[in-house]
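# Fold and contact review
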Amino acid sequence: MTTDTQTRPSLLPDAHVDAARYDQMYAASIADPDAFWGEQGKRIDWIKPYTKVKNTSFGPGDVHIKWYEDGTLNVAANCIDRHLATRGDQTAIIFEPDEPTDPAQHITYNQLAENVGRFANVLKELGVRKGDRVVIYLPMIPEAAYAMLACARIGAVHSIVFAGFSPDALAARMNGCEAKLVITSDGAPRGGRVTELKDNVNKAMLHVTHDAKCLVVKRTGQQVAWVQDRDVWYDDIAARVSSDCPPEEMNAEDPLFILYTSGSTGQPKGVVHTTGGYLVYASLTHQMTFDYKDGDIFWCTADVGWVTGHSYIVYGPLANGAITLMFEGVPTYPDAGRFWAVCEKHKVNQFYTAPTAIRALMGKGPDYVNKYDLSSLKLLGSVGEPINPEAWNWYNTHVGKGRCPIVDTWWQTETGGHMMTPLPGAHELKPGAAQKPFFGVKPLVLEPTSGEVIEGNGVEGVLVLADSWPGQMRTVWGDHDRFVKTYFSDYKGYYFSGDGCRRDADGDYWITGRVDDVINVSGHRMGTAEVESALVAHEAVSEAAVVGYPHPIKGQGIYCYVTLMADETPTDELKKKLSDWVREEIGPIAKPDVIQWAPGLPKTRSGKIMRRILRKIAENDFGSLGDTSTLADPSVVDELIANRAKQ
Ligand code: PRX
């Protein structure tokens, strides 16, 4: 048995930001956001410089968010062209494939320029123009980054759909943004198995309600079913187009991408990020939070299908001229040492992952870590959910060897970049705390019911943000009212994060988790409503209610209460069928962990399901069910409790 090192990592010496500089910069960012962000905006190149910096309102009434609104730029030019003179031959992307025996690739900035330019011309050949939407459904291969940057180069708006999502989910997103094109590959190798991506697209296309083409990148070389006039091989067009594609001049507020994410109600919404403010924010946070220095090798293990991959695999690092690692595989293939093998092989300096991965690897024992040389590591990061102390300690002891600061970064798809995190040269770490607001971020703790601001330290409530920052989402694609309603109507004049938080005696922030009907499963965000609607779409199901419950590895598991149609018999076989059904409807990440038959659901007299009670039952916490007397039929609770034991 190895005992945990109790050593807390010291602050990084010579960091971009030390404690005094943090205090000074933070104060300046809050006192005069125009001056602060006006200065920070200069970190990227503008075609036409901005004269206005901030033009934002959180209401009540009009909600609008604009940054650098009269400036023009191109994101791809910022991520590629401007580095060519100084670092054309430096590696931009290290690609580590799924199979450890397959060669890794080092793609230089010069090569990136060529690949992205050619990809952009392929898109043009297919008729994609400025403002058109392009869905990307690819494995974690360099072409995913090329496709994103190619869209940015010609002013098309990309929307990446995680390759683990089902054909139905893909079709819904393609319809949602009326994508003109979907970019996919024949197959996607992952963990030694292959996902049939092109097949999934074929199925999705049956439900796409407008004309769309399909561009296919060759990854596995497998046979795929083909639809003439709709499907095209990337290689066929790439062979005849040039790699020279001038960047389109974009307004700072033109959309850069749409990313669908789950909320507490309805279907996933298209979060819209724009060009100028997003890039400034992604690039600044990448440099400061990870203390990125020239030549460092940075590895964010997320998938580009999530916002973390957008901001910290592609846009933030490349805007900074960094070396960014893209990993196609999974942490446990060929064994639970893969992450550490890759860190050793590529001499990774900053490593950024999710608590769920740490917990899964922790369960396999420290030998998998200890056999690798991790001396290149300088800093570790965590994202996606609160990191529990056991996981933090293990990460610190076995991976960081007690010497790498761990930045626990709290943020969201909506925020574009880090919102709260300790900075590694400035803040003594507290395991499990996101600690400090980033520059320009103004967190407030509100009393949940009254919405009153809770002042002082040692307090808890819901977390809102009092003012805008450049990386903030601008709207929900095609539905600005939904944007206003979702984020600005519960607590007037503030952006509501959906998270609860505590401000401790020292004024440090701790995120306590979602306070709405969003659950966090293995760092993947899911609306309980989505799983419910998948369940009730099955002919055997009359009603369903879904809640999260504590899960040792996933953080939260998916607990489903299902009421069957009167003529259905509750069997284990049917449970399995329903579970597979949800998996098919949404994707493997939504597969229920527990299905409990519920002859009735606890409802108020007005018919509202009392999820609070269902959550407690799922947690096996029957002592604090609260007042059940307002229920239409309180006896259903006893029945659910009696059945709980059988799960
Ligand atoms: O509940 C918070 C949790 O993840 C939610 C955002 O999920 P998503 O939009 O998918 O983005 C994930 C990656 C940025 C938040 O509302 N969350 C994210 N990071 C943390 C966290 N909770 C606690 N600590 C974190 N570091």
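If you're wondering where the values come from, they're calculated on a predicted model, not measured in any experiment. Starting from 1, residues in each chain are numbered consecutively following that chain's sequence as written. Only residues with pLDDT of 70 or above have their local features reported here, since the model is predicted, and side-chain atom pairs are shown and tallied only from 80 upward, although totals for entire chains, interfaces and linings are computed over all residues.

### Concerning the overall build of the chain
Helix and strand counts for the chain stand at 19 helices and 30 strands. Restricting the calculation to C-alpha atoms gives the radius of gyration, and the globule rule supplies 2.2 Å times the number of residues raised to the power 0.38. On C-alpha atoms alone, the chain measures out to a radius of gyration of 24 Å, which is about the 26 Å that the 2.2 N^0.38 rule sets for 647 residues. For the chain, the C-alpha atoms occupy an extent of roughly 75 × 65 × 60 Å along the three principal directions. Residues counted as buried form 52% of the 647 residues belonging to the chain. Contact criterion: two residues are in contact if their C-beta atoms, reconstructed from the backbone, are within 7 Å. Counting only contacts in the chain whose residues sit at least 6 apart along the sequence, the fraction spanning at least 24 positions is 70%. Numbering goes from the N terminus for both helices and strands, where a helix is a DSSP run of H or I of at least four residues and a strand is a run of E of at least two. Buried residues are those with 20 or more other C-beta atoms within 10 Å of their own C-beta, exposed residues have 12 or fewer, and partly exposed residues lie in between; C-beta atoms are placed from the backbone.

### Here's the deal with the UniProt feature "binding site: ATP" (unreviewed entry) in the chain
UniProt positions are given in the numbering used here, feature names are shortened, and annotations may be inferred rather than shown by experiment. As recorded in UniProt, the feature "binding site: ATP" (unreviewed entry) lies at Gly384, Glu385, Pro386, Asp408, Thr409, Trp410, Trp411, Gln412, Thr413, Asp499, Arg514 and Arg525. Contact partners of Thr409, with chain neighbours within four places excluded, come to Thr289, Gly381, Ser382, Val383, His418, Thr421 and Ala434. In this structure, Asp499 sits in strand S24 (residues 495–503). Sequence-distant contacts of Asp499, that is, excluding residues within four places in its chain, are made with Leu463, Ile511, Gly513, Arg514 and Val515.

### Re the site of the ligand
Looking at the ligand, there are 23 residues lining it, with Trp410, Gln412, Thr413, Ile511 and Arg525 nearest. Elements that contribute at least two residues to the shell around the ligand include exactly helix H10 (307–319), strand S19 (379–383), strand S20 (406–409), S24 and strand S25 (509–514). Considering only residue class, the shell around the ligand consists of seven nonpolar, eleven polar and five charged. Whether a residue is near a molecule or strand depends on its C-beta atom, placed from the backbone, lying within 6 Å of it. Amino acids outside the nonpolar list (Ala, Val, Leu, Ile, Met, Phe, Trp, Tyr, Cys, Pro) and the charged list (Asp, Glu, Lys, Arg) are all regarded as polar, and Gly is one of them.

### Thoughts on helix H16 (residues 528–536)
Restricting attention to buried positions, one finds in H16 the residues Thr528, Glu530, Val531, Glu532, Ala534 and Leu535. Buried residues along H16 sit in contact with strand S26 (518–521), strand S27 (524–527), strand S28 (541–551), strand S29 (555–564) and helix H17 (572–585).

### Topic: the packing of helix H12 (residues 355–362) against helix H14 (residues 389–399)
Contact geometry for H12 and H14: axes closest at 9 Å, N-to-C directions at 75°. When the axes of H12 and H14 are compared, the pair comes out roughly perpendicular. Seen from H12, the contacting residues are Pro355, Ile358, Arg359 and Met362; seen from H14, they are Ala391, Trp394 and Tyr395. Residues belonging to the contact of H12 with H14 are distributed by class as follows: six nonpolar, no polar and one charged. Between N-to-C directions, angles span 0 to 180 degrees; the directions come from axes that are lines fitted to C-alpha atoms, helices contributing only their stretch in contact. Each angle is binned into one of four classes, with values under 35 degrees roughly parallel, values over 145 roughly antiparallel, values of 65 to 115 roughly perpendicular, and all other values oblique.

### Overview of the environment of Thr486
Within the secondary structure, Thr486 is located in helix H15 (residues 480–488). The spatial distance from the C-alpha of Thr486 to the C-alpha of Pro448 is 16 Å, given a sequence separation of 38 residues.

### Considerations on the sheet that holds S24
Pairing between two strands requires that DSSP report at least two bridges joining them. The antiparallel open sheet is built from four strands, whose spatial order is S21-S22-S24-S25. Here the strands that pair on one side only, and so sit at the sheet edges, are strand S21 (443–446) and S25. Sheet twist, expressed as the mean angle between neighbouring strand axes with direction ignored, is 45°. Here S21 pairs with strand S22 (residues 459–465) via four bridges, running antiparallel. Pairing of Pro443 across the sheet is with Leu465, part of S22.

### Observations regarding the sheet that holds S19
Pairing is mixed across the open sheet formed by seven strands, whose spatial order is S5-S4-S17-S16-S18-S19-S20. The open sheet has two edge strands, strand S5 (105–108) and S20, and neither has a second partner. Neighbour-to-neighbour, the strand axes of this sheet turn through a mean angle of 20°, independent of strand direction. Where strand S18 (residues 350–353) lies against S19, four bridges are found, and the strand directions are parallel. The residue bridging Phe351 from the neighbouring strand is Leu380, located in S19. Packed onto the sheet, helix H4 (residues 109–125) meets strand S4 (91–96) and S5 and runs at close to 80° relative to S5.

### Structural notes on the environment of Ile136
Within the element layout of this structure, Ile136 appears in strand S6 (residues 133–137). Since 25 C-beta atoms lie within 10 Å of it, Ile136 is described here as buried. Measuring from C-alpha to C-alpha, the distance between Ile136 and Val304 comes to 9.8 Å, with 168 residues separating the pair along the chain. In this structure, Ile136 is in contact with Ala144, Ala147, Met148, His158, Ile160 and Ile183, ignoring residues within four places of it in sequence.

### Focus on the packing of H16 against H17
What describes two packed helices is the angle between their axes and the distance between those same axes. Contact pair H16 / H17: the axes reach a minimum separation of 9 Å and the direction vectors enclose 120°. Accordingly, the angle class assigned to the pair H16 and H17 is oblique. Crossing geometry of H16 relative to H17 is assigned as right-handed. Residue-level contacts link Val531, Ala534 and Leu535 of H16 to Leu578, Val582 and Glu585 of H17. In this scheme, a crossing is called left-handed if the near helix is turned counterclockwise away from the far one by less than a right angle; it is called right-handed if the turn is clockwise.

### Here's the deal with the pairing of strand S1 (residues 54–58)
As paired strands, S1 and strand S2 (residues 63–67) are joined by five bridges and run antiparallel to one another. Paired with Phe58 across the two strands is Val63, which belongs to S2. Taking the residues that link successive antiparallel strands as the turn, the S1-S2 hairpin has four residues, and the phi of Gly59 there is positive, at about 80°.

### Concerning the UniProt feature "binding site: Mg(2+)" (unreviewed entry) in the chain
Sequence positions flagged by UniProt for "binding site: Mg(2+)" (unreviewed entry) are, in local numbering, Val536, His538 and Val541. For His538, a count of 19 C-beta atoms within 10 Å corresponds to the partly exposed category. Discounting residues that sit within four places of it in the chain, His538 has contacts with Leu578 and Trp581. You can see Val541 is positioned in strand S28. Leave out the neighbours within four places in its chain, and Val541 touches Leu535, Val536, Val562 and Leu564.

### What to know about the pairing of S28
Looking at chain direction, S28 and S29 are connected through ten bridges and run antiparallel. Within S29, the position partnered with Val546 by the bridge is Cys560. Connecting S28 to the antiparallel partner S29 that follows it, the hairpin turn spans three residues.

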